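This is what each chain is made of:
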Protein chains: 2
Amino acid sequence: MSQLYFIRHGIAADHTGFEHDFDRPLTDQGIAKTSAIAQRFAALGLCFDRILTSPLVRAQQTAELLRVAGLCGVIEEFGALAPGGDVEALVSWWSGLSPVQAGETIAIVGHQPDLGQWAEWLLWGQTMEKLIVKKAGVIGMEVSPLGLACGMCELFWLTPPRLLL
Amino acid sequence: MSQLYFIRHGIAADHTGFEHDFDRPLTDQGIAKTSAIAQRFAALGLCFDRILTSPLVRAQQTAELLRVAGLCGVIEEFGALAPGGDVEALVSWWSGLSPVQAGETIAIVGHQPDLGQWAEWLLWGQTMEKLIVKKAGVIGMEVSPLGLACGMCELFWLTPPRLLL
């Protein structure tokens, strides 16, 4: 059974000075806190075979901090992880993996409310917005050996940074 | 908004030597690990106004380890937390609290699969057994200001001990 982690990007700059939401970077505090979380993940023994990230700057930076902490060597941009993307794109991508790849541990870096909604859809088959996912927070799910599909995952972890650091 | 924590008892002795399931105590490993979790809770700043516990020995011992770690001074036995109890008993008990008491942070010590099922009912209004709750694991929920009822809570924390210690 493979594991799937959803990680929300860290604290980002507000819109002042940035014409496009796409370009907003992590703040210094966001970098420090996200880096501390990444190091805590490593200390807990987490290791990802690959990271899929939203193309937005704040998500790319978050993925890079996970890589720097030694959690993963492979980062791939995944367009559907931009705000408002469709979880079906992830399911479709997953169905194209080889059996070995489908057994990998994969981390996904993205945005709220999408990550919480995607997780609920994978867990309970519907979206009710009952998962509180803080910035740099994480969701950990077990993926069914039958594959990634609606209502087929189980939740083993949800934590805000304050209850991890 | 008050917070409600569900905490599963620690690792207990198997049935050998115990005529009644009720009497099975925590093992030495169970005591050590549950105590470490309790101390970690305290280090994270958790503090409960009261603990409701299942009457079974392994749950009572777990509640006592939380008390010893300084998390709470008040432990109350709650019969419906024995295996197979009904979440409606908790909702009924909650509805009898004063407004001040209903704003308290309450921890509940009990058993699987009940804790996971109760949590799902409080969060999503139905039970699908999608929460993995390990021994000495914890579920943290925000309770709606409207009260404790079916589908009215939000999940902010779920963690096994291995991802906390």
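Our subject is the structure listed above.
Reading the values: rules and limits
Residues numbered from 1 in each chain as written. Chains lettered and ligands numbered in written order. Predicted model: local features only at pLDDT ≥ 70, side-chain atom pairs only at ≥ 80, totals over all residues. Heavy atoms only, no water. Buried < 20%, exposed > 50% of the residue type's maximum accessible area, 1.4 Å probe, protein only. Helix = DSSP H or I, 4+ residues; strand = E, 2+ residues; numbered from the N terminus. Contact = heavy atoms within 4.5 Å. Core = buried A, V, L, I, M, F, W, Y, C linked by side-chain atoms within 4.5 Å. Least-squares fit on C-alpha atoms with pLDDT ≥ 70 in both. Buried area = accessible area lost by both parts, 1.4 Å probe. Salt bridge = Lys/Arg side-chain N within 4 Å of Asp/Glu carboxyl O. Polar contact = N/O pair within 3.5 Å; in protein donor to acceptor, adjacent residues only side chain to side chain. Disulfide = S-S within 2.5 Å.

Trainee: When you look at helix 5 (residues 114-124) of chain A in this model, what are you seeing that I'm missing?
Mentor: Since the α-helix advances by 3.6 residues per turn, residues separated by three or four positions end up pointing in the same direction. Summarising burial for helix 5 of chain A: 10 of the 11 residues are buried, a large majority. The inward-facing, buried residues of helix 5 of chain A contact strand 1 (3-8), helix 3 (87-95), strand 4 (106-110), strand 5 (138-142) and strand 6 (154-159) of chain A together with helix 5 (114-124) of chain B. Gly 125 of chain A sits one or two positions beyond helix 5 of chain A and adopts a positive phi of about 80 degrees.

Trainee: Quick question: what am I supposed to make of the nonpolar core here?
Mentor: In globular proteins that are soluble, nonpolar side chains generally tend to be buried together. Counting residues in each nonpolar core, the largest one holds 60 residues, and the members touching the most others are Phe 6 of chain A together with Phe 6 of chain B. The contacts of Phe 6 of chain B, once residues within four sequence positions are left out, are Leu 90, Ile 108, Leu 115, Trp 118, Ala 119, Leu 122, Gly 137, Val 138, Ile 139 and Met 141 of chain B. Ranked by size, the runner-up nonpolar core spans 23 residues in total, among them Leu 163 of chain A together with Ile 7, Phe 48 and Leu 164 of chain B.

Trainee: What exactly am I supposed to notice about the relation of the copies chain B and chain A here?
Mentor: Think of it as a corkscrew move, a rotation about one axis and a shift along it, taking one chain copy to the other. When chain B is fitted to chain A, the best match, at an RMSD of 0.0 Å, comes from turning it 180 degrees and sliding it 0.0 Å along the axis. Read as a symmetry element, the transformation amounts to a two-fold axis. Using C-alpha coordinates, one finds that chain B approaches the rotation axis most closely at Leu 158 of chain B, a distance of 2.5 Å. A symmetric contact is evident, with 100% of the interface residues of chain B recurring at the interface of chain A.

Trainee: Would you mind going over the environment of Leu 90 of chain B with me for this structure?
Mentor: Residues and elements named next belong to chain B. Mapped onto the secondary structure, Leu 90 falls in helix 3 (residues 87-95). Judged by its relative accessible area of 1%, Leu 90 falls in the buried class. Linking Leu 90 and Phe 48, residues 42 residues apart in sequence, is a C-alpha distance of 17 Å. Once residues within four sequence positions are removed from consideration, Leu 90 is found in contact with Phe 6, Leu 52, Phe 78, Ile 108, Trp 118 and Leu 148.

Trainee: Please clarify how the interface of chain B and chain A should be interpreted in this entry.
Mentor: Accessible area lost upon the coming together of the parts is a frequently used measure of interface size. Contact with chain B, which involves 28 residues of that partner, is made by 28 residues of chain A. Buried area between chain B and chain A, both sides added, is near 2,400 Å², and the carbon and sulfur share of it is 55%. Its largest share of buried area at the contact with chain A, chain B owes to Trp 124, Lys 130 and Leu 163 of chain B, together 31% of the area lost on that side. Where chain B packs against chain A, one counts zero salt bridges. Applying the counting criterion to the chain B and chain A interface returns 17 residue pairs in polar contact (both at pLDDT 80 or more). When contributions to the side of chain B that touches chain A are tallied by element, the ones reaching two or more residues are helix 5 and strand 6 (154-159) of chain B. Sorting elements by how many residues they give to the side of chain B that touches chain A places strand 6 of chain B first, with six residues.

Trainee: For this particular structure, what's the right way to read unusual backbone geometry?
Mentor: Only a minority of non-glycine residues have a phi that is not negative, and only a minority of peptide bonds are not trans. Residues and elements named next belong to chain A. Geometrically, the link from Gln 112 to Pro 113 is a cis peptide bond, its omega value of 5 degrees lying close to zero. For Pro 113, the location among the structural elements is in the loop between strand 4 and helix 5. We note that Ala 136 has phi near 65 degrees; this positive angle belongs to a residue other than glycine. In this structure, Ala 136 sits in the loop between helix 5 and strand 5.

Trainee: Help me understand the state of the cysteines in this model?
Mentor: Note: disulfide means a covalent bond formed between the sulfur atoms of two cysteine side chains. What the rule picks out here adds up to zero disulfides over all chains. The thiol of Cys 72 of chain A is unpaired, and the distance to the nearest cysteine sulfur, on Cys 47 of chain A, comes to 7.3 Å. On the basis of relative accessible area, Cys 72 of chain A is assigned to the buried category, the value being 7%. The closest cysteine sulfur to the non-disulfide-bonded Cys 150 of chain B is located on Cys 153 of chain B, 9.8 Å from its own sulfur. The exposure class of Cys 150 of chain B is partly exposed, given its relative accessible area of 36%.

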